[in-house]
Every structure is written in C-alpha cells, then in structure tokens.
Amino acid sequence: MKVPVTGGAGYIGSHTCKALAAAGHEVLVYDNLSTGFRKLVKWGEFIRGDILDGEKLRTCLHKHKPEGIIHFAAFSQVGESVCNPGKYIHNNVGGTLNILESMRDTGVRNIVVSSTAAVYGIPERCPITEDMPAHPINPYGETKLFMEWMLADFARAYGISWAALRYFNAAGADSEGECGECHSPETHLIPRALMAVTSELEDFRVMGSDYPTPDGTCIRDYIHTSDLASAHRLALEYLLRGGKSEIFNLGSEHGLSVREIVEAAREVTGVDFPVKLAPRRAGDPAVLIASNRKAREVLGWVPQHSDAHTILASAWKWHRDHPNGFDDK
C-alpha cells in the first residue's frame, strides 16, 4: 500500500517509515521539518509540507491516492503546552482537522493517529485499560483527546476508519543505528541520563523521591520505538482488512522506576554519573503502566524490544554515534 506519514522525519515517525518500507509498503514522508530532520527521510519520497496547509494536503492525497495515512505531526511537550496552549490547539487540533477534511475530499478512508497516555491524566488504577475515563490534566493531553473525538465524528459522518494509538513512554533507538532520538531542548529521562553520562548535562535531577513506590521514584511504562513502529503498521493493515475503528494502548505492561532507569544507564555505559534529588513535579502520578491486552488480541502486536537493557543499549549506541545531533534542520 501507499502510505503518507505526517511527521515522518521525526523520532517515532522515522522508525515507522522504516517498518513500513521493510514490509513492502510505499512511504511518503510529509513533514515541515520544524522538529524533524531531513537526514531521517530514508525510506520514501519526501514531501515538505505543513498539516496546516489544507490545500497542499488535498493536492498530495489527490495525486498519490493512498490507501491510508499515519499521522504523527503534533507538538508533544507537556510543559510547553501549559505555557503556550494556543500553539498546541492550533497545530494538533487544527492540523488534524485539515487532514480529516482532506481525506473526506479525496476519498481516503483509513487513518492511524499517534495519541498518548496523557489523555488518562491521573488514572484511578493500573494497569490502565482503554475503557478507563479520559481526564487529561494539561493542554497537550486535551488536544490529543480532542483529536480522537474528531476521528469518531468524521467516522460517523463520512465513513472514515481510524485507529488511535495511546502510547506510554517512547524510548530507545533503531537497532541498526539508522534513526534515533534528538530533541532540542531534551526533556526525556533516558536521553538526559545519557547526557549526564557524557557530561553534556551537569545537573541530572530525579524529580521526587518520596512517592509510594518501592524505591520512592515514579514508575513509568517504557516502550521501544521499534515496537511502536510495528504497532502503527499493524494498525493500518488491520483497518485495510476492514477492522473496526478502535483505541489501543501501547505499552510493555512492565513499569520501571526512575532509579531503575538510572541504574540501567550506569550498567550499559559503565559510567557512574552523579544524580541530584529534587522535589516532585506538580501533576506527576506515582505509577503509569499500560494494559496492552487489546493490541495483542486485536492487532497481534507483541513488544519485542522493550526491556530496560535493550532500550538503554540502543539509545546509548545512537547517542555515541550522534553526539551533536543533526545540523540540517
């Protein structure tokens, strides 16, 4: 099948483009390079475009007549969304509306959307299942939930089929070193730990050490980007077989604490980097772990790379091979 991937030059998008190409699909990378990188466009034709440009989207879909779309092109920094909610509403909601209207106008009927566990807010229990209430506590999570609502609205009105993949903590890098994580500024725990290993970060902080967990630090469900990529491919193939529109959690069903991530980073790198304890961040739940039963049963998806050692080793290899990130934004 022919598949446009919005945000395909980004971290998870590039992994998904590689997985699609490996499965024999024709990839179209649709990205404005605002946060993505031209060097990550390796597995398909590049179309430089913005999801806020509805005319260009319609032209692209009319020309290529794809079987479906995979949509990653959204802003995703929680802290920034609190300080600048308009940016997130404009891009995440407005851009997704443009995609859906372009699909309606050109007859494209299938879409897989990158959603997030942030829609759950502070969950009532763990593991988190898809039928639990969605109560996001920040604008980022709110925009992703609104995107899901729009999918359902367009499905009812125009017959569009969709899958929303709510994933937890994306981590790791491609085992062959062809794509990996590079953000500016970097806010994610694992790359920041590796920056502390190489002394790029002088002040690695553990935000909260008094949570009601075995070691006092937050527990999160880390999922390798290669596992996320396979889930997006499987979800689109499921829709093309006539599968029902659904929401799926993507997680490993296994939690790792911040201290466990720190120890894994020390073990993989052989460097005992310093750690400072800091107060909790407002709104951080103690534990977030997914149930992935639905994705396993419906999509046949099973995480293959999401143990702590594989995630840290792959991320460390990428970090060593790309110490300066990319310089061709």
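Residues numbered from 1 in each chain as written. Predicted model: local features only at pLDDT ≥ 70, side-chain atom pairs only at ≥ 80, totals over all residues. Heavy atoms only, no water.

> I tried to follow the overall build of the protein chain on my own but got confused; where do I start?
In terms of regular secondary structure, the protein chain is built from 10 helices and 13 strands. Taking 20 Å as the expected radius of gyration for a compact globule of 329 residues, we find that the protein chain reaches 19 Å, a close match to that expectation. The dimensions of the protein chain, computed from C-alpha atoms along their principal axes, are 55 × 40 × 40 Å. A buried classification covers 56% of the 329 residues belonging to the protein chain. At a minimum sequence separation of 6, the contacts of the protein chain that also span at least 24 residues come to 77%. Of the roughly 14100 Å² of accessible surface on the protein chain, a fraction of 51% belongs to carbon and sulfur atoms. Within the protein chain, one finds 34 positive and 41 negative side-chain charges whose respective centroids are separated by 3 Å. (Helix = DSSP H or I, 4+ residues; strand = E, 2+ residues; numbered from the N terminus. Rg over C-alpha atoms; globule rule 2.2 N^0.38 Å. Buried < 20%, exposed > 50% of the residue type's maximum accessible area, 1.4 Å probe, protein only. Contact = heavy atoms within 4.5 Å. Areas by Shrake-Rupley, 256 points an atom, 1.4 Å probe, with all protein chains shown as cover. Lys, Arg positive; Asp, Glu negative; His and termini not counted. Charge placed at Lys NZ, Arg CZ, Asp CG, Glu CD.)

> What exactly am I supposed to notice about the side chain of Ser 102 here?
Locating Ser 102 in the fold gives a position in helix α4 (residues 85-106). Relative accessible area serves as the criterion here: at 0%, Ser 102 is assigned to the buried category. Ignoring anything within four residues of it in the chain, the contact list for Ser 102 reads Gly 54, Leu 57, Arg 58 and Leu 61.

> Would you take a moment to explain the packing of aromatic side chains for this structure?
Remark: the centre distance and the inter-plane angle together describe each pair of aromatic rings, the angle taken between the planes. Across all of its chains, the model carries five aromatic pairs by this definition. Summarising the aromatic geometry, the rings of Phe 154 and Tyr 158 are spaced 5.2 Å apart at their centres and angled 50° between planes, so their arrangement reads as tilted. Of this pair, Phe 154 and Tyr 158 both sit in helix α5 (residues 139-158), four residues apart, which is roughly one turn of that helix. Plain terms: the ring middles of Phe 204 and Phe 273 are 5.7 Å apart, the flat faces sit at 85° to each other, and that makes the pair edge-to-face. In this pair, Phe 204 is assigned in the loop between α6 (189-197) and β8 (205-207) and Phe 273 in the loop between α8 (258-269) and β12 (276-278), connecting sequence segments 69 residues apart. The burial state of Phe 204 is the same as that of Phe 273; both residues are buried. Directly above the ring of Tyr 211 sits Arg 280, whose terminal nitrogen or CZ lies 4.1 Å from the centroid. (Phe/Tyr/Trp six-rings, centres within 6.5 Å; stacked < 30°, edge-to-face > 60°. Lys NZ or Arg CZ within 6 Å of the ring centre and 35° of its normal.)

> For this particular structure, what's the right way to read the sheet that holds strand β1 (residues 2-6)?
Across a sheet, paired strands are connected by hydrogen bonds in the backbone, their directions being either parallel or antiparallel. One open sheet holds the seven strands; their spatial order is β3-β2-β1-β4-β5-β6-β10, and the pairing between them is parallel. Across the chains shown, the open sheet's two edge strands, defined by having one partner strand only, are β3 (45-48) and β10 (246-250). With strand direction ignored, the average angle separating the axes of adjacent strands in the sheet is 20°. Pairing of β1 with strand β4 (residues 69-71), which is carried by two bridges, proceeds in the parallel orientation. Each bridged residue has a counterpart across the sheet, and for Val 5 the counterpart in β4 is Ile 70. Set on the sheet, helix α2 (residues 54-64) makes contact with β1, β2 (26-31), β3 and β4; between it and β3 the angle comes to about 155°. (Pairing = 2+ DSSP bridges. Axes fitted to C-alpha atoms, helices over the stretch in contact; angles between N-to-C directions.)

> Honestly, empty space enclosed by the protein in this entry has me stumped. Any pointers?
The method is simple in principle: a probe with the dimensions of a water molecule rolls over the atoms, and the space it marks as empty is what remains. Counting across every chain of the model gives one cavity of 30 Å³ or more. In this structure, the largest cavity occupies an estimated 30 Å³ of space. Every residue lining the largest cavity is listed: Pro 4, Thr 6, Tyr 30, Leu 57, Cys 60, Leu 61 and Ile 69. Contributions of two or more residues to the lining of the largest cavity are made by β1 and α2. Among the elements that take part in the lining of the largest cavity, α2 stands out by supplying three residues, more than any other. (1 Å grid on protein atoms, 1.4 Å probe; cavity = no way out; pocket = protein on both sides within 12 Å on 5 of 7 lines; lining within 4 Å. Points joined across faces, edges and corners; volume = space filled by probe spheres on them.)

> How should I be thinking about the pattern of salt bridges in this particular structure?
Side chains that differ in charge, positive against negative, can pair when their charged atoms come close. Counted by the stated rule, this structure contains 22 salt bridges. A salt bridge links Arg 58 to Asp 105, with the shortest nitrogen-to-oxygen separation between them at 3.7 Å. With Arg 58 in helix α2 and Asp 105 in helix α4, this residue pair connects regions lying 47 residues apart in the sequence. On the basis of relative accessibility, which here comes to 31%, the residue Arg 58 falls in the partly exposed class. Overall, the relative accessible area of 42% leaves Asp 105 in the partly exposed class. Ionic contacts of the salt-bridge type, sharing partners, join the residues Lys 18, Asp 174, Glu 176 and Glu 178 into one network. (Salt bridge = Lys/Arg side-chain N within 4 Å of Asp/Glu carboxyl O.)

> I tried to follow the nonpolar core on my own but got confused; where do I start?
One recurring pattern in soluble globular proteins: nonpolar side chains tend to sit buried together. By size, the foremost hydrophobic cluster in this structure holds 38 residues, and its most contacted members are Val 5, Ile 70, Val 112, Leu 165, Leu 250, Leu 299 and Trp 301. For this core, the secondary structure elements donating two or more residues are β1, α1 (11-22), β2, β6 (161-167), α7 (225-240), β10 and α9 (293-299). In terms of residues, this core owes the most to one element, α7, which gives seven residues. When neighbours within four sequence positions are excluded, Ile 70 is seen to be in contact with Val 3, Pro 4, Val 5, Thr 6, Thr 16, Leu 20, Val 112, His 232 and Leu 236. Counting residues in each nonpolar core, the second largest holds 26 residues, with Val 206, Val 262, Ala 265 and Phe 273 among its members. (Core = buried A, V, L, I, M, F, W, Y, C linked by side-chain atoms within 4.5 Å.)

> I would appreciate a short explanation of unusual backbone geometry in the present structure.
Residues other than glycine predominantly adopt negative phi, and peptide bonds predominantly adopt the trans conformation. In this chain, Cys 126 is followed by Pro 127 through a cis amide linkage whose omega measures 0°. Position of Pro 127 relative to the elements: it lies in the loop between β5 (110-116) and α5. The backbone phi angle of Ser 199 is positive, close to 65°, even though this residue is not glycine. Its place among the elements puts Ser 199 in the loop between α6 and β8. Non-glycine residue Glu 253 carries a positive phi angle of around 65°.

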